[in-house]
Structures are given as C-alpha cells and as structure tokens.
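Single-letter residue listing:
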Amino acid sequence: MKKVCFVIPRAYYLFNPNILGAKDKVGGAQKQAYLLSTALAEDKSFDVNFLVADFGQKDFEEIDEVKIWKSFNFSNNIFKRIKHLLRVLRKINADTYIFRSADVGVGFAIFFVKLFLKKKTLYMIASDIETSKALQKKESGFLAKIFMQYVYNKADIVTAQTNKQAKNFLINRKRKPDAIIKNIYLLKKTTDKKQIKKTILWVGRITKNKQAELFINTAKKYPKENFVMIAPIVKEHFEYGKKIQESAKKIKSIKLINYVKPEDINHYYEEAKIYILSSYLEGFSNTMAEAMQAECPILSYNVNPDNIFEKYNCGLSSNKKTEKFYDNFEKLLKNEELCKELGKNGKNYIAEKHRKEVIIKEFKHLLNPL
C-alpha cells in the first residue's frame, strides 16, 4: 500500500464545514487537493493522509476515508508553526508528500521532507502567477519567491494545470513540469425548476490579481443590469478587500454577499446570465468551472486556459483589452442565443475533459513510480 500525504493546511473546512473558523482563504488549491484526496482514497491500494492547520478540531480524524492530521495554529508565530508542521510531517511518515500552494512554509516543509525524512515530494502548480518570478514576488513577497524557486528545483515531480502553464513555467523557471494534471470538477445536480437567468455574477476572494474593480466599473457603466458579487475578504489583503467592498456598496445595482457556503453556491451560477472572470492571471479557475457547469457563459478579461474559449466555443476572452471586454459584454447582453450556446458548450467541456475518473487515473499513474 502506498502512503501519501497532502499538505494543505487551510483545507480542513472542506472536510468539516461545521468548523466555520476554518473557512478563511479556502480557494481553488484547497478544493482541488480535497477532491484529489477523497477520490484517491476510494482506491484501497492508497493510504491517504491530509495535514491541516489547527482550527480547534481533534488531533486525528478520518473523514471520507482520508486520515486528517492537525498541525500548527495560524495564530502561532512562524517558528512555532514550522516546528509543529515538521513534527506532524515526521509522525505521518508518508512515502510521498503532496503540496499545492506557493508559500514560504512549503519551502521549509519540502526541505525537511527531502533532507531528513528522505521521502518523495510532489508539487502542483496552483496558479499562472507561479510561472513568473516578478508576479510571484508581487503577489506573495520576496521570501516566497526565493523559497518557491527551491521547491520548483527540488520537488521530485512538478505538475501543471494546462499546457500553456507548463510552457511558461519551463521558459521562466527552467524546469519542464513532469505532467499536466487537469483540475477535477464534479458535475452538480441542477435544480428541478429552471432558474431565470437574470444576474451578472462575480465570485472570488478579494485579491489584487482578481481585479474586482473591473466588475464594479461594469456595474457603473450598466446601471440597469442586476449584479451579484460574492466577495469574501482575505486576512492577508484585508485593507484592499475592505476598500473593494466599500466601493461595491456604493453601487445600487450591486448585491454584495460576503460569503456563501460551497454547497449553496450553485444557485447563484444557475441564476446568472453572464459570469465575469476579471482576473489578470489564474490557473484553471474553479469559479469559471462552476459557472460552466451551470451553463452560464463566461466573459473573461484575460484568463483563457489553453485557448479553450475559442477551441470549444464556451466563452469569450478579451485578451487584456478593456474596450474589447465591454464589447463582449454588450454582445452577450444582446444575444440570448449566444449565451445559451456558450453555456451548453461549457458544460459539455467540463463533463468531457475534467471528469474525476480520467483525472484520478492520470494522478495515480504519476504517484506509482514515486
């Protein structure tokens, strides 16, 4: 039996949504690690473990056949966090440790696992930002940039989400990712009653990369439309998030929602006639995929992984051109048939290319030689 351990400290909320204090900063990296771990645990030839932070839960639990280990508390200082993290890593004693987020702590953990535990490591690129040294420094800080370069150099296996991401990673980081592992997306059951498509939707944690200002400016420009903004503030970007929320509150056509539970969010996508993806850079966005599952057409400012919008006719990308973005917005507003076509194609794309069975088979193949 192969013993693996996912090291994603903020993912605990996805295993236990009753712990509301654990919901902060749960994004795409955490969701994908959760989906991979629970899918992998269905195969009894894998002993699947998951290291998370201390949110007041038990030291050890087993949820969805995944063994959950509690480590440090985010309120601890950095030295105490690292001490607790390394102690639990040693206690788990996995064959392979899996990481998926750019952080100083990841560098420490991989250094410890490789040098002292003599075990294998797998790092999964979580965002296109990681392909650029300058953007990573801007987004995560100088230390993260330094430590993550060590991770990219020393991890036994590095995976990318898309071909374009892998190509840019090779150019800028001088390492070719060992595999492309697409994100898993589970098709949600739609409600029996067909929702009336009536809103313009934006979903995301408020970080500068997501460029929520573009959504707010669109609401100003089109005051007769109904805009819904699901935008929780992230502690690391508190002042910026507060500023964005205050700007949104001033616009009468925007309904600002601070947080929606993952199990309740599909309703908002089903009700939306356009989903706006305003980010400058991302990997394969979880919110984009959620919109596609709900047959909601995507209007993207720049994100267009492997040019899928053109290849599969499932969305519109504006190539970082604001004028084109507004032209595309008006095109969707005026053409209901185009919206239906893009929405239907988007759902078909997710169902075909991101099925759990396909992705987990590729992931197992990657883990077996380690």
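Shown above is the structure to which this text applies.
All values derive from a computational prediction rather than experimental measurement.

Calculation rules
Starting afresh in each chain, residues are numbered from 1 along the sequence in its written order. Selection of residues for local features in this predicted model requires a pLDDT of at least 70, selection of side-chain atom pairs for listing and counting requires 80 or more, and totals for whole chains, interfaces and linings are taken over all residues. Neither water nor hydrogens contribute to the side-chain values; these are computed over all heavy atoms in the structure. Only buried residues count toward a nonpolar core, which is a set of Ala, Val, Leu, Ile, Met, Phe, Trp, Tyr and Cys residues joined through side-chain atoms within 4.5 Å. Only protein chains enter the calculation, and the probe is 1.4 Å; a residue is then buried if its accessible area is under 20% of its type maximum, exposed if over 50%, and partly exposed in between. Residues count as neighbours in contact if any of their non-hydrogen atoms are within 4.5 Å of one another. What counts as a helix is a DSSP run of H or I of at least four residues, what counts as a strand is a run of E of at least two, and both are numbered from the N terminus. Fitting a line to C-alpha atoms yields each axis, with helices limited to the stretch in contact; the angle taken between N-to-C directions then spans 0 to 180 degrees. Throughout this description, any angle smaller than 35 degrees is read as roughly parallel, any larger than 145 degrees as roughly antiparallel, any in the 65 to 115 degree range as roughly perpendicular, and the remainder as oblique. In a left-handed crossing the near helix is turned counterclockwise from the far helix by less than a right angle, and in a right-handed crossing that turn is clockwise. Note that Gly is not counted as nonpolar here; it falls among the polar residues with everything else outside the nonpolar set of Ala, Val, Leu, Ile, Met, Phe, Trp, Tyr, Cys and Pro and the charged set of Asp, Glu, Lys and Arg. Any pair of nitrogen or oxygen atoms within 3.5 Å is treated as a polar contact; in protein, a donor-acceptor pairing is required on top of that, and neighbouring residues in sequence qualify only through side-chain atoms on both sides. Strands qualify as paired when DSSP identifies two bridges or more between them.

Asks: What is the right way to look at the nonpolar core in this model?
Replies: As a rule of thumb, nonpolar side chains are buried together in soluble globular proteins. Ranked by internal contacts, the top residues of the largest apolar core, which has 68 residues, are Phe-6, Phe-50, Leu-89, Tyr-97 and Phe-363. Phe-50 has contacts with Cys-5, Phe-6, Ile-8, Ala-11, Phe-15, Ala-33, Tyr-34, Ser-37, Val-66, Lys-67, Ile-68 and Trp-69, leaving out every residue within four places of it along the chain. Judged by nonpolar contacts, the second largest core, of 29 residues, contains Tyr-222, Phe-227, Tyr-240 and Ile-251.

Asks: Is there a simple way to explain unusual backbone geometry in this structure?
Replies: Most peptide bonds take the trans configuration, and most residues that are not glycine carry a negative phi. Backbone geometry at Gln-211 places phi at a positive 50°, although glycine is not the residue there. Relative to the helices and strands, Gln-211 is located in the loop between strand S9 (199-203) and helix H8 (212-221). On the accessibility criterion, Gln-211 (22% relative accessible area) is partly exposed. Positive phi, normally seen in glycine, also occurs at Glu-295, with a value near 60°. Here Glu-295 shows up in the loop between helix H11 (286-293) and strand S13 (298-300).

Asks: Looking at this model, I keep getting lost on the packing of H11 against helix H14 (residues 336-353). Mind explaining?
Replies: Each pair of packed helices can be summarised by the angle the axes make with each other and by the distance between the axes. Orientation of H11 relative to H14, taken along the N-to-C sense of each, is 115°, at an axis distance of 7 Å. In terms of axis orientation, H11 runs roughly perpendicular to H14. Viewed along their axes, H11 and H14 form a crossing whose handedness is left-handed. Taken together, the residues of H14 that come into contact with H11 (itself represented by Ala-289, Met-292 and Gln-293) are Gly-343, Gly-346, Lys-347, Tyr-349 and Ile-350.

Asks: What's the story with the packing of H8 against helix H9 (residues 238-249) in this structure? I'm lost.
Replies: For the pair H8 and H9, interaxial distance at closest approach is 10 Å and the crossing angle is 10°. Comparing their axes, H9 and H8 come out roughly parallel. Contact residues: Ala-212, Glu-213 and Ile-216 in H8; Tyr-240, Ile-244, Ser-247 and Ala-248 in H9. Its residues assigned to classes, the contact of H8 with H9 comprises 5 nonpolar, 1 polar and 1 charged.

Asks: Teacher, can you tell me more about the side chain of Thr-199 here?
Replies: Counting through the fold element by element, Thr-199 comes out in strand S9. In terms of polar contacts, Thr-199 uses its side chain to reach the backbone carbonyl oxygen of Glu-271, at 3.4 Å. Ignoring any residue separated from it by four or fewer positions in sequence, one finds Thr-199 in contact with Asn-226, Val-228, Glu-271, Ala-272, Lys-273 and Ile-274.

Asks: What is the right way to read the sheet that holds strand S8 (residues 179-180) from this model?
Replies: Adjacent strands of a sheet form backbone hydrogen bonds with each other and so pair up, either parallel or antiparallel. Spatial strand order, S3-S4-S2-S1-S5-S6-S7-S8: 8 strands in an open sheet with mixed pairing. The two strands at the open ends of the sheet, each matched to only one other strand, are strand S3 (60-63) and S8. Sitting on the sheet, helix H2 (residues 28-40) touches strand S1 (2-7), strand S2 (46-52), strand S4 (66-70) and strand S6 (120-124), and the angle it makes with S2 is about 150°. The sheet strands contacting helix H3 (residues 78-92) are S1, S2, S4 and strand S5 (96-99), and the helix crosses S2 at an angle near 170°.

Limitation: the analysis is restricted to geometry and does not speak to function.
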